[in-house]
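# A structural walkthrough
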Number of protein chains: 2
Amino acid sequence: MPSAIESLLTSNIRPSIQRMRILDYLRQKKNHPTVETIFNDLAPEIPTLSKTTVYNTLQLLKENGLVISLDLGEGYIRYDADTSPHLHFECEKCGGVFDIFMAPEDLRKKLPAGFVLKETRVYAFGVCAKCAKVNG
Amino acid sequence: MPSAIESLLTSNIRPSIQRMRILDYLRQKKNHPTVETIFNDLAPEIPTLSKTTVYNTLQLLKENGLVISLDLGEGYIRYDADTSPHLHFECEKCGGVFDIFMAPEDLRKKLPAGFVLKETRVYAFGVCAKCAKVNG
DNA sequence: GTGTCTGCAAACGATTTGCAAATTA
DNA sequence: TAATTTGCAAATCGTTTGCAGACAC
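Here's a quick rundown of the structure. (Residues numbered from 1 in each chain as written. Chains lettered and ligands numbered in written order. Predicted model: local features only at pLDDT ≥ 70, side-chain atom pairs only at ≥ 80, totals over all residues. Heavy atoms only, no water.)

### Some details on the interface of chain A and chain B
Contacts between the two partners involve 37 residues from chain A and, on the opposite side, 37 residues from chain B. Contact between chain A and chain B buries roughly 3,500 Å² in total, counting both sides, with carbon and sulfur atoms accounting for 64%. It is A:Val122, A:Tyr123 and A:Phe125 that lose the most area in chain A upon contact with chain B, and together they represent 24% of the buried surface on that side. Our count for the chain A to chain B interface comes out at 0 salt bridges. Across the chain A-chain B interface, the total number found is 20 residue pairs in polar contact (both at pLDDT 80 or more). At the level of secondary structure, the elements contributing two or more residues to the side of chain A that touches chain B comprise β1 (68–70), β3 (87–91), β5 (116–127) and α6 (129–135) of chain A. Looking at which element gives the most residues to the side of chain A that touches chain B, the answer is β5(A), with 12 residues. Along the lines of polarity and charge, the residues of the side of chain A that touches chain B split into 22 nonpolar, 7 polar and 8 charged. In this sheet, strand β5 (residues 116–127) of chain B lies alongside β3(A) in parallel orientation, the contact comprising 4 bridges. (Contact = heavy atoms within 4.5 Å. Buried area = accessible area lost by both parts, 1.4 Å probe. Salt bridge = Lys/Arg side-chain N within 4 Å of Asp/Glu carboxyl O. Polar contact = N/O pair within 3.5 Å; in protein donor to acceptor, adjacent residues only side chain to side chain. Helix = DSSP H or I, 4+ residues; strand = E, 2+ residues; numbered from the N terminus. Nonpolar A, V, L, I, M, F, W, Y, C, P; charged D, E, K, R; others polar. Pairing = 2+ DSSP bridges.)

### Section: the protein's contact with DNA strand D
Taken together, 15 residues surround DNA strand D, and among them A:Arg14, A:Ser16, A:Thr48, A:Ser50 and B:Ile77 come closest. Among all atoms of DNA strand D positioned within 4 Å of the protein, those belonging to sugar or phosphate total 79%. Within the side chain of A:Gln18, one N or O atom sits 3.3 Å away from a phosphate oxygen of DNA strand D. Between a phosphate oxygen of DNA strand D and a side-chain N or O atom of A:Arg19, the distance comes to 3.0 Å. Counting residues per element, the ones that place at least two in the surface near DNA strand D are α2 (17–28) and α4 (51–63) of chain A together with α4 (51–63) of chain B. Residue classes in the surface near DNA strand D are distributed as 4 nonpolar, 8 polar and 3 charged. (Near = heavy atom within 4 Å.)

### Focus on α4(B)
Residue and element names in this part refer to chain B. Spanning 13 residues, α4 covers 18 Å between terminal C-alpha atoms, matching the ideal 18 Å at 1.5 Å per step. When we look at burial in α4, the residues that qualify are Val54, Thr57, Leu58 and Leu61. Buried residues of α4, seen end-on, are gathered within an arc of 100° and therefore sit on one face of the element. Relative to its buried face, α4 has exposed residues pointing more than 90 degrees away, namely Thr52 and Glu63. For α4, the secondary structure elements touched by its buried residues are α1 (4–10), α2 (17–28), α3 (35–42) and β2 (78–80). Gly65 sits one or two residues past α4 and shows a positive phi near 70°. (Expected span 1.5 Å × (residues − 1). Buried < 20%, exposed > 50% of the residue type's maximum accessible area, 1.4 Å probe, protein only. Arc of directions from axis to C-beta.)

Function-wise, these values are silent; they only describe arrangement.
Next comes the structure, spelled out in structure tokens:
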């Protein structure tokens, strides 16, 4: 895994302190933090940090494929620096979000020991038949 | 399929005009409407209708399993009166949302003719191992 | 009459936007 | 100094809440 500064330079993103620290933070924390959490945790070491910059940076990182976003229907968006294909499990008791590295069809059978599956939501994105025909 | 009034009575929901029409509307329209759309379409025939009532009713219907909600990350919530297990495909060109009745593992191969799949997001909900152990 | 339902208006909260100061090349 | 980045403050907008009047049993 290249360092944060290397990843930013590769994507032609100027490696400001804020951008490097936010990307580093997401790579260290594996708990899919929100903007609020990221801001609160980084504010002490970057006293002038603003939420606007956190929002701007996350959008920039996402556009360049360095992070992905999760919308679990909680009313806010979570971010994840692990861009490899995987799915997410949210515990309805503790609210924790866990990475699950398996195909969706294995969810019922191969879930980690002790996990109880209640519901799955699958969203697919792409181009419908009508639009694909028109736009080639 | 029981009528709207029958479904409401079965769930011990008092069948007001508003509730019957909103449930009927969702069963007729298969395009996963938003609160805004539902309100705009029903306002002409129920002139005193308020968005609050649409919100209240949808929450009530959802709690009683008569509708499900979709959050495709658009910034608003869509509703669907088809509560059978299925997944949803959003077209990035026209914004249309399509019901797909198949298992997630078949998405790549058995997608309806002409559809182009770009991305899938799978969210699982339940109880994690730690919470399952504590709460039995 | 008593409890439920409706709907107006205000509040809420995550995210976005406008813009000027600060920073960088 | 010209272009980019940052961050404060205000705006946006879907959703929620408070509450009073309307309605149902």
